[in-house]
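Observations on the three-dimensional arrangement
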Amino acid sequence: MLQWEKLGKLFDPRDHKDHPWMREFAQSPSVLILDDVIRVYFCSRPAPDELGQYKSYIAFIELDRRTPTRVVRICNEPVMRLGGCGTFDEFGTNPVSVIRHDNQIRAYYAGWTRCESVPFNAAIGIAISNDNGESFERVGQGPVLSYTPDEPFLLGSPRIRRFNGQWYLWYVAGKRWLKTSGRPEPVYKIRMATSSDGLSWRKAGVDLIEDKLGENECQAGADVIERAGRFHMFYSYRQSQNYKGREGGYRIGYAVSEDLVNWKRNDAVAGMEVSAEGWDSEMVNYGHVFGLDGETYMIYQGNEMGRAGIGLARLQNSPDWFKP
């Protein structure tokens with residue numbers, strides 16, 4: 001089992017009243033390592049409108065590289081505007097995953113659109129930064145991955161990586177919408193697409209992780225790293241209903257693969273559990289694992305799908321199968 005030392009909550013937008021577009025939620029943290037700082041991109045929301053509808057924007061904070069728990073900067077405005085009327089990202093850009101490529105930084109994100117019979121739909125877009133990640137411009141008004149005959153419902157939760165010159169995009173594909181006593185709830189599973197240029201994608205077309213909580217288990221946020229010649233996936237899973245409290249909330253799971261296609265699930269290895277109390281006592285989810293100056297860290301979101309902010313953990317042990 002991996003053993004993580006929780007270093008505490010890093011950031012909660014509710015503690016900063018001078019950013020009205022960033023009133024609550026810090027979701028889907030994604031790290032970019034710079035010379036002196038660690039830039040953490042995440043998704044945040046202003047107050048809901050009079051109908052209770054949210055929008056979501058991409059933001060970032062910067063952490064001191066020598067003291068990663070210290071926030072040294074908060075961005076003053078969203079790094080990208082929402083899409084125009086009728087576009088796939090008119091109402092939100094969430095979640096997000098960033099990667100450096102040559103002299104650019106790319107952001108892969110899910111765009112929200114509102115629906116009538118279900119609360120929302122989503123597809124995946126790409127935006128590019130030419131100013132070292134301070135701002136981004138979308139590559140076009142439409143998504144690069146959207147629903148298709150074999151993936152007819154929402155696509156979202158992108159996580160981007162490159163291995164051996166090949167681009168890999170892990171995402172979720174909706175399987176169905178469940179009718180409940182309240183609003184409909186989606187069921188989604190982790191899938192993968194590959195690309196030679198990071199722009200045109202070929203879908204694998206299969207669910208990668210077997211179910212543990214039954215066929216309506218929701219899986220998301222697949223973050224993959226390579227260690228000791230194998231590939232290690234950290235992802236989030238939860239019940240599709242009654243997930244707002246401690247019992248059914250998101251947990252971080254783990255799977256391993258030799259080839260990035262066939263995955264063996266073993267959640268006990270992940271080693272990241274909810275705390276006894278506090279901001280991450282109901283959920284730990286959307287973990288992003290990264291190496292920094294000889295250490296391995298996981299940045300993750302807490303209770304209420306990240307409404308309670310994001311925190312940091314440091315790996316205390318490095319088993320042989322996980323050493324760089």
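Quick note: structure is the one above.
Predicted model, so just to flag it, every value in this text is computed and none were measured.

What to know about the packing of aromatic side chains
Applying the stated criterion across every chain yields a total of 21 aromatic pairs. An angle of 70 degrees between the planes, with centres 5.1 Å apart, marks the rings of Phe163 and Phe231 as edge-to-face. Of this pair, Phe163 sits in strand E10 (residues 155-163) while Phe231 is found in strand E15 (residues 230-238), placing the two residues 68 residues apart along the sequence. On the basis of relative accessibility, which here comes to 10%, the residue Phe163 falls in the buried class. For Phe231, a relative accessible area of 7% puts it in the buried group. Where Tyr250 meets Tyr286, the ring centres are 6.0 Å apart and the plane angle is 85 degrees; that geometry is what we call edge-to-face. Here Tyr250, found in the loop between E15 and strand E16 (251-257), pairs with Tyr286, found in strand E18 (residues 285-292); they are 36 residues apart in sequence, far enough to count as distant. You'll find Tyr250 and Tyr286 in the same group, each marked buried.

Brief notes about the layout of surface pockets
By volume, the largest pocket amounts to about 910 Å³. Taken together, 33 residues line the largest pocket, and the ones lying closest to its centre are Gln27, Arg45, Trp112, Phe120 and Arg183. At the level of elements, strand E2 (24-33), strand E6 (92-101), strand E7 (104-114), strand E8 (120-129), E10, strand E12 (185-195) and helix H1 (303-306) are the ones that each hand at least two residues to the lining of the largest pocket. Per-element accounting of the lining of the largest pocket gives the leading share, four residues, to E7. Here the residues of the lining of the largest pocket are counted per class, giving 16 nonpolar, nine polar and eight charged. There is about 240 Å³ of room inside the second largest pocket. Lining the second largest pocket are 16 residues, and of these Val31, Val98, Ile99, Arg161 and His288 sit closest to its centre. Those elements that provide at least two residues to the lining of the second largest pocket are E2, E6, E10 and E18. Residue classes in the lining of the second largest pocket are distributed as eight nonpolar, three polar and five charged.

Notes on the nonpolar core
Nonpolar side chains in soluble globular proteins tend to be buried together. Grouped together as the largest cluster of nonpolar side chains are 40 residues, with contacts concentrated most on Phe11 and Tyr41. Look past the residues within four positions of Phe11 in its chain and what remains in contact with it is His16, Met22, Ala26, Phe42, Ile61, Ile74, Gly309 and Ile310. Counting residues in hydrophobic clusters, the runner-up holds 29 residues, among them Val224, Phe231, Tyr243 and Leu260.

A few points about the side chain of Thr194
Tracing the backbone through its elements, the reader meets Thr194 in strand E12. Apart from the residues within four sequence positions on either side, Thr194 is in contact with Gln166, Trp167, Tyr168, Ser200, Trp201 and Arg202.

Examining the pattern of salt bridges
In the structure shown here, the tally under the stated rule is 27 salt bridges. Here Lys9 and Asp12 are joined by a salt bridge, their closest N and O atoms 3.1 Å apart. Under the relative-accessibility criterion, Lys9 is labelled partly exposed at 34%. Here Glu134 makes a salt bridge to Arg73, at a shortest N to O gap of 2.8 Å. Taken together, the residues Glu134 in the loop between E8 and strand E9 (137-138) and Arg73 in strand E5 (residues 71-74) connect sequence positions 61 residues apart. In this structure Arg73 comes out as partly exposed when scored by relative accessible area, which is 31%. Connected through salt bridges with shared partners, the residues Glu151, Lys175, Arg191, Lys203 and Asp207 form a single ionic network.

Concerning the sheet that holds E7
With respect to topology, four strands assemble into an open sheet ordered E6-E7-E8-E9, the strand pairing being antiparallel. Of all the strands in the sheet, the pair left with one neighbour each is E6 and E9. Note: E7 against E8, 10 bridges, orientation antiparallel. Pairing of Arg106 across the sheet is with Ile128, part of E8.

As for the side chain of Arg39
Summarising the element assignment, Arg39 is placed in strand E3 (residues 37-45). Looking at Arg39, the relative accessible area reads 2%, which means it is buried. Of note is the side chain of Arg39, whose polar atom sits 3.2 Å from the side chain of Tyr41. In this structure, Arg39 is in contact with Ser30, Val31, Leu32, Leu34, Phe60, Ile61, Glu62, Arg73, Asn132, Gly133 and Glu134, ignoring residues within four places of it in sequence.

Parameters at a glance
Residues numbered from 1 in each chain as written. Predicted model: local features only at pLDDT ≥ 70, side-chain atom pairs only at ≥ 80, totals over all residues. Heavy atoms only, no water. Phe/Tyr/Trp six-rings, centres within 6.5 Å; stacked < 30°, edge-to-face > 60°. Helix = DSSP H or I, 4+ residues; strand = E, 2+ residues; numbered from the N terminus. Buried < 20%, exposed > 50% of the residue type's maximum accessible area, 1.4 Å probe, protein only. 1 Å grid on protein atoms, 1.4 Å probe; cavity = no way out; pocket = protein on both sides within 12 Å on 5 of 7 lines; lining within 4 Å. Points joined across faces, edges and corners; volume = space filled by probe spheres on them. Nonpolar A, V, L, I, M, F, W, Y, C, P; charged D, E, K, R; others polar. Core = buried A, V, L, I, M, F, W, Y, C linked by side-chain atoms within 4.5 Å. Contact = heavy atoms within 4.5 Å. Salt bridge = Lys/Arg side-chain N within 4 Å of Asp/Glu carboxyl O. Pairing = 2+ DSSP bridges. Polar contact = N/O pair within 3.5 Å; in protein donor to acceptor, adjacent residues only side chain to side chain.

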